[in-house]
Amino acid sequence: METTSATAPSQGHQSNSLRSARSKESDITVHELQSSLFTVDAAMADAIRTAAERITAHPNENPDDFGRQALAAAFSLPEEVRAAVLNFAEVGSEAGIMVVRGLYVDEDLTDTPLDNKSGLGAGTIFAKEMGMLAHLLGSMVAYEAEGNGHLIQDMVPNPKLAVTQQSQGSKVELEAHTEQCFSDFKPDYVILGALRGDENAKTYAFSGRKLVANMTPEEVAKLRQPLWATTIDESFQPYIPRPDDVRGPFPILTGPEDDPYILVDQDLMHGITAEAQRLLGKVVETYIEHRDAHVLQPGDLLMLDNLRAMHGRSMYAPRFDGKDRFIARGFVVRDRRKLWPQLLDDRRTLAAVHS
């Protein structure tokens, strides 16, 4: 993982906290922030693949069966991997992300498609590995209005959407945002699995912890006031009753002072006062100056804490030759029961009307 921030997250998986946790067979509690990079060795990668091959359901055809099987298979993951991911779910990381590096990627991987309609990434062994690790964080869910309603979506450069603020864009920077900032039902985690990478495509992350460290106490106090409103993402508008709604106002920061939650969208959000708009501009400037940048390589699974960090992506230049960047994306919520009234009959997909 490449990190271009001035303060690089710690790397590796032999942290003192994890060693301490493993010393007590009945206690996997860890009290330190999780390292942002966890590299699996060959034996771990083989064990993860073996566990994944127990999953028979297709994530986009039978999403609930896939989720249940992935959760069951997760109990067979190597203990050290489970402990690290569970610790990330509990206390987070300095950067707001955790990358598991070194997962098996299918040798017979199909060419990178030109759009996200087919959901080809969902049919891979790698997608099953993603599913197991994701279900240590919570429950995978799909959004009817997002990514064709797929539980695991293809995130690929689309020549027709190259200059848009969408996941399939490439020729413009994907601006800083909280995933589905406008929705009461936004995911708690976004997971990005790299089937193919691009050395020029940087995934950016910036945590609430780092934002607070770079703002004055007065600015932090102001960021906790409900002074920002948001419009609705263009891709969701066709599915909802009032697509032109302005939602809010919301605070940008909530939650514990030492572990703040962050809500930002550079494209959709605006301050309801001139001072609030100026402060939003400073938040974006601070993100650009101090963000962590990570180049995903094949076999990387990036887990973003959508409450604790905003994210974005650099521009890059796809060749559209079948070997371009190919990311499998999924969403996770900590407690799926809270979504029951909004889910379709498959019990995994949030109905578009509730976006």
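Scroll up for the structure.
Below is a short write-up of the structure. (Residues numbered from 1 in each chain as written. Predicted model: local features only at pLDDT ≥ 70, side-chain atom pairs only at ≥ 80, totals over all residues. Heavy atoms only, no water.)

**Details of the pattern of salt bridges**
In step 1: This structure, assessed with the given rule, holds 19 salt bridges.
In step 2: Across the salt bridge formed by Arg329 and Glu146, the nearest N and O atoms sit 3.6 Å from each other. Taken together, the positions of Arg329 in strand β16 (residues 326-333) and Glu146 in the loop between β3 (139-143) and β4 (153-155) put the pair 183 residues apart, joining distant regions of the chain. Of the two residues, Arg329 and Glu146, neither departs from the other in class, the shared state being buried.
In step 3: As a salt-bridge pair, Arg329 and Glu179 come within 3.6 Å of each other at their nearest N and O atoms. You can see Arg329 sitting in strand β16 and its partner Glu179 sitting in the loop between β5 (174-177) and β6 (189-196), a full 150 residues away along the chain. There is no split in this pair, since Arg329 and Glu179 are both buried.
In step 4: Connected through shared salt-bridge partners, Asp64, Arg336, Arg347 and Arg348 make up one network. (Salt bridge = Lys/Arg side-chain N within 4 Å of Asp/Glu carboxyl O. Helix = DSSP H or I, 4+ residues; strand = E, 2+ residues; numbered from the N terminus. Buried < 20%, exposed > 50% of the residue type's maximum accessible area, 1.4 Å probe, protein only.)

**A look at helix α8 (residues 274-290)**
In step 1: Spanning 17 residues, α8 covers 24 Å between terminal C-alpha atoms, matching the ideal 24 Å at 1.5 Å per step.
In step 2: Of the residues making up α8, those classed as buried are Ala276, Leu279, Leu280, Val283, Val284, Thr286 and Tyr287. For α8, the buried positions fall inside an angular range of 160° around the axis, keeping them on one side. What points out from α8, more than 90 degrees from its buried face, is the exposed set Ala274, Glu285 and Glu289. (Expected span 1.5 Å × (residues − 1). Arc of directions from axis to C-beta.)

**Regarding the environment of Thr273**
In step 1: Note that Thr273 resides in the loop between β12 (269-271) and α8.
In step 2: Accessibility expressed as a relative area gives 34% for Thr273, which makes it partly exposed.
In step 3: Each C-alpha atom, one on Thr273 and one on Trp228, is 8.4 Å from the other, the two residues being 45 residues apart in sequence.
In step 4: Within the structure, the side chain of Thr273 is placed 3.0 Å from the backbone nitrogen of Ala276, a separation counted as a polar contact. (Polar contact = N/O pair within 3.5 Å; in protein donor to acceptor, adjacent residues only side chain to side chain.)

**A short note on the pairing of strand β13 (residues 292-295)**
In step 1: What you see with β13 is no split at all: Asp292 and His294 on one side and Ala293 and Val295 on the other are buried throughout.
In step 2: Sheet topology places strand β7 (residues 202-207) next to β13; four bridges connect them, and they run antiparallel. The residue bridging Thr203 from the neighbouring strand is His294, located in β13. (Pairing = 2+ DSSP bridges.)

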